[in-house]
Amino acid sequence: MSAVLFTRRTRWQALTRQRPTPALRVALLASYTVDPLVPYLGLGLHDTALSATLTVGPFQQVVQQCLATDGFLAEARPDVLVVAQRLEEAGDPGPAGDAWAAELLAGAEAAVTAARRHGALLVYVLPAVPASRPYGRADAMHADGVTASGTAVRQRLRDRLAGDPWVLLVDADEAVRAVGDERAYHPALFRFAKVPYTEEVFARLGATVAALVATWFGAGCRALVLDGDGLTGAAHLLPALRELRAAGVRVALRATGTDWWSSADATDLLAVLDGWVTDGRPLADQLAEIADELDVTPAQLVLAGTGPAQAPPRQVPLGSDPALWSDELRAAGLTDRLPIRRWTGGTSRPSVAPVELSLDDFVAGLDVHVDYRPVAADSVAEVAEVVARAHDFALAPAPPAAALAGRAADLLAIRVRDRLGDYGTSGLVALDRTADRWTVDVFSLSCPVLGKGVEAAVLREVTRRAGAAGAGEVLVRFTDTGRNGTARRFLSDLDGVAPADPRVRLHAAQTSADDPTPGSPAATATASTPLTATAVRR
């Protein structure tokens, strides 16, 4: 990570400790781990006077979370919903990318549905064309190559979403191209934590999303203020200033005292200035007067100069070489302008008709298969890692690997595959078994398999095995960790989980976070209370 990006991350950490009053609630859903985007997006919004709280949902659950009427989005209540999908997680592309298109269009439709339900602005991140090329250098010549398929899918997504007046589009391919393939991807981190991109890519995406959201909410640049203090060589700015004015951006100047007007730059700049303030007042007072004179809000001012950063307003730092100043202004994105239809409600119709999509239909079409296997002593480390990384769906804090190793005979590993791919070992169940009752005290699933019916399938399998062993009850013990709300919501309504053996009673109970480690004799004996709204099936 570069020193610049490290500084920005540090600034964001300091801001989150200050807990400013948020102006926006932003929710993020992606087919990959999108957490590295948060500091850059949050800081970008903050620097445009839009303080925000940002919440990240479980990855690779875009459709499930968007179509669910409860869960992550219901809790986040977003003003802005950011959805990012990658083609790499969409399975086989199919002829002309049709299979890719079906997966990503389903996600886009679900995102539009969720945004409308919550009254949120949707920011959809168009996927980058994958870097892998099965046909190698000849890929561009193949009609079913990655380039052709990815380009076709991206255009279909653009056709569907660009005409929606409540959708903003951001292109991940632009960020990847700007950074370069060799520096854009992080294969090792993706294998370990499903983080596909480097910090540079996330920084560019965060800045772009923040700028567009700010423009949407009226906090984009409407006037550029030149900081006259130390601005020697301002004549070099004239080409860029003329372009800004032609694009509708006003140009003003502030300086400390009236001596600036005797500088060599004063005469050249007068022709492009819409206003100026040169006196001894504080910067904030000067900017307030300029905003009033130009009929814009202070949040719509951008300060350009060579001095130290000011907060607020947003600043474009100019380097030590005046000959590069025009290029630095052009690269600052000050001419961002949304289509007029976004302010009028829109007049164009989507070229692709909306698709009716239900969560049940989506899950049914995934062709999910769940397999179970005993855990041998030499494979405990593998399942322990799955349990340690499962936060959204876990019954309790992850037990130490040593604790799991000590009860390998009680463990059942869960393997999941569907038409999009094989997820390998995706979960673990630990069973404390007596003649009459089986207690599930460890039940963890990784994010990619959630919302696909795996949760219910596992409990049905446990009740089947319990019934075959002669037990009449399966108890699921739950402890609130503060992060496992997905598990709580599932267990709070077991009506949808009919036991495979009707003789087996299936229910859940909540225990205190102070209880002993799951699976220990003391934990088994600890009293528990029924989980709120638990339904019991007999």
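For the structure, see preceding data.
Keep in mind the model is a prediction, meaning the values are calculated, not measured.

### Focus: the sheet that holds strand 2 (residues 52-56)
The sheet built from five strands is open, its strands ordered 2-1-3-4-5 with parallel pairing. On the outer flanks of this sheet lie strand 2 and strand 5 (167-171), each paired with one strand and no other. Averaged over neighbouring strand pairs, the angle between their axes works out to 20° when direction is ignored. Bridging between strand 1 (residues 24-30) and strand 2 involves five bridges; their strand directions are parallel. Within strand 2, the residue paired with Leu-24 across the bridge is Ala-52. On top of the sheet, helix 2 (residues 38-46) reaches strand 1, strand 2 and strand 3 (80-84); it is set at about 160° to strand 2, its chief contact.

### Observations regarding the packing of helix 2 against helix 10 (residues 199-216)
Here helix 2 crosses helix 10 at 35°, and the two axes come no closer than 7 Å. For the pair helix 2 and helix 10, the crossing hand works out as right-handed. Along the contact surface, helix 2 presents Tyr-40, Leu-41, Gly-44 and Leu-45, while helix 10 presents Glu-199, Phe-202, Ala-203, Gly-206, Val-209, Ala-210 and Val-213. Considered class by class, the residues forming the contact of helix 2 with helix 10 number eight nonpolar, two polar and one charged.

### Regarding empty space enclosed by the protein
Scanning the model with the defined rule gives four cavities of 30 Å³ or more in all. Gln-60, Gln-85, Glu-89, Glu-103 and Leu-420 are the residues nearest the centre of the largest cavity, which is lined by 17 residues in total. Among the elements of the structure, helix 3 (62-67) and helix 5 (98-118) are those that each provide at least two residues to the lining of the largest cavity. When residues of the lining of the largest cavity are assigned to their parent elements, the largest contribution, three residues, is made by helix 3. What the second largest cavity holds in volume is close to 50 Å³. Looking at the second largest cavity, the residues that line it are Tyr-32, Val-34, Leu-37, Ala-84, Val-125, Phe-202, Leu-205 and Val-209. Element by element, the count of residues in the lining of the second largest cavity is highest for helix 10, at three residues. For the lining of the second largest cavity, the residue count by class is eight nonpolar, no polar and no charged.

### A word on the side chain of Ser-326
Mapped onto the elements of the fold, Ser-326 is located in helix 14 (residues 325-330). In this structure Ser-326 comes out as buried when scored by relative accessible area, which is 6%. Non-local contacts of Ser-326, meaning those with residues more than four positions away in its chain, are made with His-236, Leu-237, Leu-238, Pro-239 and Ala-240.

### Topic: the layout of surface pockets
Of the pockets and cavities examined, the second largest pocket occupies roughly 1300 Å³. Along its surface, the second largest pocket is lined by 48 residues, and Phe-59, Arg-389, Asp-392, Cys-447 and Pro-448 are the ones closest to its centre. Among the elements of the structure, strand 2, helix 4 (72-76), helix 9 (187-193), helix 17 (380-389), strand 13 (421-433) and helix 20 (485-491) are those that each provide at least two residues to the lining of the second largest pocket. When residues in the lining of the second largest pocket are grouped by element, the largest group, five residues, is from strand 13. Considering only residue class, the lining of the second largest pocket consists of 19 nonpolar, 14 polar and 15 charged.

### Describing the nonpolar core
Core analysis: the biggest nonpolar cluster contains 47 residues, and Val-26, Leu-28, Leu-41 and Val-82 have the highest contact counts within it. Examining the composition of this core, we find that 10 residues originate from one element, helix 10, more than from any other. Setting aside its immediate chain neighbours within four residues, Leu-41 contacts Val-26, Leu-28, Leu-54, Val-82, Gly-206, Val-209 and Ala-210. Core analysis: the next-biggest nonpolar cluster, separate from the first, contains 35 residues, Val-62, Val-83, Ala-110 and Leu-122 among them.

### Digging into unusual backbone geometry
Positive phi, normally seen in glycine, also occurs at Ala-96, with a value near 55°. Since its relative accessible area comes to 43%, Ala-96 is described here as partly exposed.

### Notes on the sheet that holds strand 9 (residues 301-305)
If you trace the five strands from one edge of the open sheet to the other, you get 8-7-6-9-10, paired in parallel fashion. Looking at the sheet topology across the chains shown, the edges are occupied by strand 8 (275-279) and strand 10 (314-317). Strand-to-strand twist of the sheet, defined as the mean angle between neighbouring strand axes without regard to direction, takes the value 25°. When strand 7 (residues 250-256) meets strand 8, the two strands line up parallel, connected through five bridges. Looking at the pairing, Arg-254 lines up with Val-277 of strand 8.

### A few points about the side chain of Glu-103
Among the structural elements, Glu-103 can be located in helix 5. Beyond its immediate stretch of four places on either side in the chain, Glu-103 contacts Gln-85, Ala-90, Phe-362, Arg-419 and Leu-420.

Each value, and the rule that gives it
Each chain carries its own residue numbering, running from 1 in the written order of its sequence. The predicted nature of this model means local features are confined to residues of pLDDT at least 70 and side-chain atom pairs, given and counted, to a pLDDT of 80 or more, with totals for whole chains, interfaces and linings taken over all residues. Excluded from the side-chain calculation are hydrogens and water; included are all heavy atoms of the structure. One requirement defines pairing of two strands: DSSP has to find at least two bridges between them. Secondary structure elements follow DSSP: runs of H or I of four or more residues count as helices, runs of E of two or more count as strands, with numbering from the N terminus. To get an axis, fit a line to the C-alpha atoms, keeping to the stretch in contact for a helix; angles then go from 0 to 180 degrees between the N-to-C directions. Contact criterion: two residues are considered in contact whenever any of their non-hydrogen atoms come within 4.5 Å of each other. Handedness of each helix crossing follows the sense of rotation of the near helix against the far helix: counterclockwise by less than a right angle gives left-handed, clockwise gives right-handed. Gly is put with the polar residues, along with every residue not named as nonpolar or charged; the nonpolar set is Ala, Val, Leu, Ile, Met, Phe, Trp, Tyr, Cys and Pro, and the charged set is Asp, Glu, Lys and Arg. A pocket here means an open set of points on a 1 Å grid, computed over the protein atoms alone, that has protein on both sides within 12 Å along at least five of seven lines. A cavity is instead a set of points where a 1.4 Å probe fits but cannot get out; residues with an atom within 4 Å of a point line either one. Grid points are joined across faces, edges and corners, and a volume is the space filled by probe spheres set on the points. Note on classification: 1.4 Å probe, protein chains only; a residue is buried when its accessible area is under 20% of the maximum for its type, exposed when over 50%, partly exposed between these limits. Among buried residues, those of type Ala, Val, Leu, Ile, Met, Phe, Trp, Tyr and Cys that are joined through side-chain atoms within 4.5 Å constitute a nonpolar core.

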